[in-house]
Structure formats: C-alpha cells, structure tokens
Amino acid sequence: MGWLNKLGWFEYSKFPEEDVGRIITDYGKRFKVVTKDGIKTGVIAGNLLNRALDNSDLPCIGDWVKINNVSDDECVITYVLKRKNKISRKCRGRKVEEQIIAANIDYAFIIIPMDNITSKINVDKFLLICRNENITPILLLSKIDVLEDLQVIKDFKTYYKNIKIFPISTTKLIGIEKLKIYFNYNKTSVFIGPSGAGKSTLINYLAGKNIMKTNSVSGKDLRGRHTTTFKNLIILDSGGLIIDTPGLINVIPWCEDNVLEDVYDDIEDLVKMCKFRNCTHTNEPGCMVREAIKSGVISQDKFNNYIKIKKEVEYINSVHRFKGNSSTWEDIENIRKTQKEKIYRKHK
Ligand SMILES: Nc1nc2c(ncn2[C@@H]2O[C@H](COP(=O)(O)OP(=O)(O)OP(=O)(O)O)[C@@H](O)[C@H]2O)c(=O)[nH]1
Ligand SMILES: [Zn+2]
C-alpha cells in the first residue's frame, strides 16, 4: 500500500487495493500506472473503450483507475474511478467535446513567462477552468530576471486582485522558496502554461534533481528545442505531487456560463447596475461599465476579455446543450416510427 498512499489513495479506500492504480504518465492511448506492486504499462480495456461516450470517459493523467490482468510489467485499465475534479478544455477542432487535461487536482499553477508575455485573456481562461471545478489557482510570473521594468508585475497584480501571484525566477532563485508550502504530502498540483514557460526547469529545482528534460538540454525537436510532449506526474521528496503538461495556450475553457460571475465579479457587479437591463455598454446613458472604465476602476483590456470569453463560453455551452437535447429528437423520431408501424400492422 506504500506507493498508493504516497499518491493519495486513502481518499478512495473503499475499493480493494489489489485492483487500483493511479495514472502517472499519459501518452494518449498508453499509460504508466502506479499499482501496489510498482509501475506498470496500462492499456485501456476494450469494454471501457466501447462504453465511452467521448474521450472524457477515458483515463487521463491523475486518474485513479481499476485494473486487472496485472503481469510483471503490464495491466489492463477497466474503469475510471469518480474524479474529484478535472482541468478541462474544449477539444481542438470543430467538435464541441470536453478534453480533460488532468484529474484529481488540488492546486493549478498557471505559469506565464515574462520573456514572452501573452494576453491576460489566456490566464482568464485557465481561471475559469479552475473555478468551474473548485481548484485553487496560483499564478506564477516566471523568468522575472529578464524584466527591466517591474511595472508588468504590478499590472498583473492590479488585474488579478483575488488570486495568489508569485513573481519568480528559477535560474536566479527568486521567489521560489515560498512555493514549497504547496508541495505537501499527497497534494496534487498541475503546471499549466505555454511551451517554454519554465515548467520543467522549476520542477527540476523543486525535485532537487534533473528529472525533466528542459529546453537547454538534449532531446530536441526539429526546431532545435526540447518540448514536453506527454503528461507526467512527479513525486517530490516532500511528498508533493506535480503534473507537468505540454505547452498549453489559447484553450477554450470547458466551464458553466455562471463561472464568469466569479472570475469577472467586478465587471458583472457593474453590469447589474447599468441603467438599462439590456445595456450593450457602448453608448447608452447610465452605463456603469463605461463609467468604471473611464475612471480607471476596471481596464478596457479586462472588459474586452470578458466580452470575448463570455461569447465563446455561452456559444460552446449552447451547442453542447443542443447536442444533449438532439438525442431527444432522435427518440421522438423513433417513437413516431414505431407508432406508425403499429398502426400499419393493425390495419393490415
Ligand atoms: N531567464 C530565465 N530562463 C529560464 C528560467 N527558467 C527556465 N528558463 C529557460 O527557459 C527555457 C524553457 O524552459 P523549460 O523549463 O524547458 O520550459 P517548459 O515550460 O517546460 O517548456 P515545454 O516543455 O515546452 O512545455 C529553458 O531554456 C530554460 O533554461 C528563468 O527563471 N529565467
Ligand atoms: Zn452598460
């Protein structure tokens, strides 16, 4: 039971321990699973594949799973145990489907590098994903050693008043000791952010050894850079667990519409105070949003991000709901057909 407890098994202890494991490496279709007898290569059982409605029903990094047919180095994954929570995006492409990035998470570290600052809309999207699942977000402004002007850090702190922000530099050892309180026994953190944000470098520092390949070492891609291509869960000596993910940016969040009220609470409060209920916040009199932007209470930038994400999330959710209902239309069609057949048989 030693290894399973290190991975936080006690939360799921109602199942017999022989049958379970936690996914610590996710290659997409193959996995590494920690079991009570050590690490095995896991494949998905045909039955589980057949039952899955979409990819979100299949195993992913951080999942607790039921296993059978365990041999010296392999096992078959038969069932995904109920997830405590998950970090999810809309899948790439035109389909409206959930894609789970990682499961069973305590802290989500959103890492934004100061040598390649992205629009804050990307951070907003990760915040929506976290709030939707009650995961504590922590914003790391990485590589601050490259900054000549620290105003950019102040800008982030003004924009994100309600979340923890740590400006750090791993190479210059600035601000990282303070992070260690999060990597306690059994707590699972996930590192998300664009490629090259310094995720692997930070994990190596926290682990005290080079367990992750970074940009500056061998194993490079065609462009001469090393990038993380699969998801890995690392166990630190402190007992903390970290999931490293490949570079992620520009995701479409998978969340309920009402999560916006939480992430953009300042804007949503103002919207409710506008004179007209259907105010478009463009040229109506008594618009509190425009007033607040004019007086600098909220930034134009934040308001633009809010409008953009609101449209995106509401659209995705309406398509998803419609898809959910469309089976009802099929049902109606089927009922109609069988009734027609019955009537036809009766009159034959
Ligand atoms: N100046 C500076 N460079 C850093 C710092 N941390 C990491 N780097 C460099 O940034 C580059 C990218 O770091 P990685 O740790 O590989 O980034 P990553 O986020 O794991 O990237 P992916 O694996 O592509 O997702 C490397 O060349 C690191 O040496 C830092 O604090 N300051
Ligand atoms: Zn208004």
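What you are looking at is a predicted structure, and each value in this text was computed from that prediction instead of being measured.

A.B. asks: Explain the coordination of the zinc ion (ligand 2) residue by residue, including any values.
C.D. replies: Around the zinc ion (ligand 2), the protein contributes the donor atoms Cys 274 (SG), Cys 279 (SG), His 281 (ND1) and Cys 287 (SG), at 2.2 to 2.4 Å from the metal centre. For the zinc ion (ligand 2), the four donor atoms are set out with angles of 103 to 118° between them, so the coordination reads as tetrahedral. Written as a sequence motif, the donor arrangement for the zinc ion (ligand 2) is C-x4-C-x1-H-x5-C. Take Cys 279 and Cys 287: they sit in the same class, and that class is buried.

A.B. asks: Talk me through the nonpolar core; I want residue IDs and the actual numbers.
C.D. replies: Ranked by internal contacts, the top residues of the largest apolar core, which has 61 residues, are Ile 87, Leu 139, Phe 156 and Tyr 160. For this core, the element with the most residues is helix α3 (residues 120–132), which contributes seven residues. With residues near it in sequence (within four places) discarded, Phe 156 still touches Ile 112, Met 114, Ile 117, Lys 120, Val 123, Leu 139, Leu 141 and Ile 165. Judged by nonpolar contacts, the second largest core, of 20 residues, contains Ile 168, Ile 176, Phe 183 and Leu 202.

A.B. asks: I'd like to hear about helix α4 (residues 151–159), residue by residue, with values.
C.D. replies: One turn of an α-helix holds 3.6 residues; hence residues three or four places apart share an orientation. All of the buried residues along α4 are Val 152, Ile 153, Phe 156 and Tyr 159. Within α4, the buried residues cover an arc of 130° as seen down the axis, which keeps them to one side.

A.B. asks: An account of helix α7 (residues 265–273) is requested, with residue identities and associated values reported.
C.D. replies: Of the residues making up α7, those classed as buried are Ile 267, Glu 268 and Leu 270. All buried residues of α7 lie within an arc of 160° about the axis, which places them on one face of the element. Exposed and facing more than 90 degrees away from the buried side of α7 are Lys 272 and Met 273.

A.B. asks: Any chance you could break down the pairing of strand β13 (residues 241–244) for me, citing the residues and the numbers?
C.D. replies: Residue alternation in β13 divides its side chains into two sets, Leu 241 and Ile 243 and Ile 242 and Asp 244, and both sets are buried. When strand β11 (residues 188–192) meets β13, the two strands line up parallel, connected through four bridges. Within β13, the position partnered with Ser 189 by the bridge is Ile 242. One ladder, built from four bridges, connects strand β12 (residues 231–235) with β13; its direction is antiparallel. Paired with Ile 234 across the strands is Ile 242, a residue of β13. Connecting the antiparallel pair β12 and β13 is a turn made up of five residues, with Gly 239 showing a positive phi of about 100°.

A.B. asks: Summarise the side chain of Asn 305; cite the residues concerned and give the values.
C.D. replies: In this fold, Asn 305 is placed in helix α9 (residues 300–346). On the accessibility criterion, Asn 305 (6% relative accessible area) is buried. Apart from residues no more than four positions distant in its own chain, Asn 305 is found in contact with Ser 119, Lys 120, Ile 121, Asp 124, Tyr 159 and Tyr 264.

A.B. asks: Give a detailed account of unusual backbone geometry, specifying residues and quantitative values.
C.D. replies: Phi at Asn 69 is positive, roughly 50°, even though this residue is not glycine. Counting through the fold element by element, Asn 69 comes out in the loop between β4 (64–68) and β5 (74–80). Overall, Asn 69 belongs to the exposed group, its relative accessible area being 62%. Backbone geometry at Lys 143 places phi at a positive 60°, although glycine is not the residue there. If you trace the backbone, Lys 143 turns up in the loop between β9 (136–142) and α4. Look at Lys 143 and you get partly exposed, because its relative accessible area is 25%.

A.B. asks: Account for the confidence of the model for the chain, with residues named and values stated.
C.D. replies: Regions with low pLDDT carry predicted coordinates that are not meant to be interpreted in detail. Looking at the chain as a whole, its pLDDT mean stands at 86, while 85% of the residues score no less than 70. Averaged pLDDT values over the elements of the chain bottom out at 71 in α9 and peak at 98 in strand β10 (residues 164–167). In this model, residues 216–226 is a region of pLDDT below 50 whose contacts with residues beyond four sequence positions or in other chains number 14 contacts.

A.B. asks: I'd love a proper account of the packing of aromatic side chains, names of residues and values included.
C.D. replies: On inspection of all chains with the given rule, the structure shows eleven aromatic pairs. Judged by centre distance (4.5 Å) and plane angle (50°), the ring pair of Tyr 159 and Tyr 160 falls under tilted. Tyr 159 gets classed as buried once you look at its relative accessible area, which sits at 7%. Taken together through their ring pairs, the aromatic side chains of Tyr 107, Phe 109, Phe 166, Tyr 182, Phe 183 and Phe 191 make up a single cluster. Just above the ring of Tyr 27 sits the side chain of Arg 30; from NZ or CZ to the centre is 5.0 Å. Sitting above the plane of the Tyr 159 ring, Lys 302 keeps its charged end 4.9 Å from the centroid.

Rules used in this analysis
Residues numbered from 1 in each chain as written. Chains lettered and ligands numbered in written order. Predicted model: local features only at pLDDT ≥ 70, side-chain atom pairs only at ≥ 80, totals over all residues. Heavy atoms only, no water. Donors = N, O, S within 2.8 Å, 3.2 Å for Na, K, Ca; no water. Tetrahedral: all angles 85-135°; square planar, octahedral: opposite > 155°, others 65-115°. Buried < 20%, exposed > 50% of the residue type's maximum accessible area, 1.4 Å probe, protein only. Core = buried A, V, L, I, M, F, W, Y, C linked by side-chain atoms within 4.5 Å. Helix = DSSP H or I, 4+ residues; strand = E, 2+ residues; numbered from the N terminus. Contact = heavy atoms within 4.5 Å. Arc of directions from axis to C-beta. Pairing = 2+ DSSP bridges. pLDDT = per-residue confidence, 0-100. Phe/Tyr/Trp six-rings, centres within 6.5 Å; stacked < 30°, edge-to-face > 60°. Lys NZ or Arg CZ within 6 Å of the ring centre and 35° of its normal.

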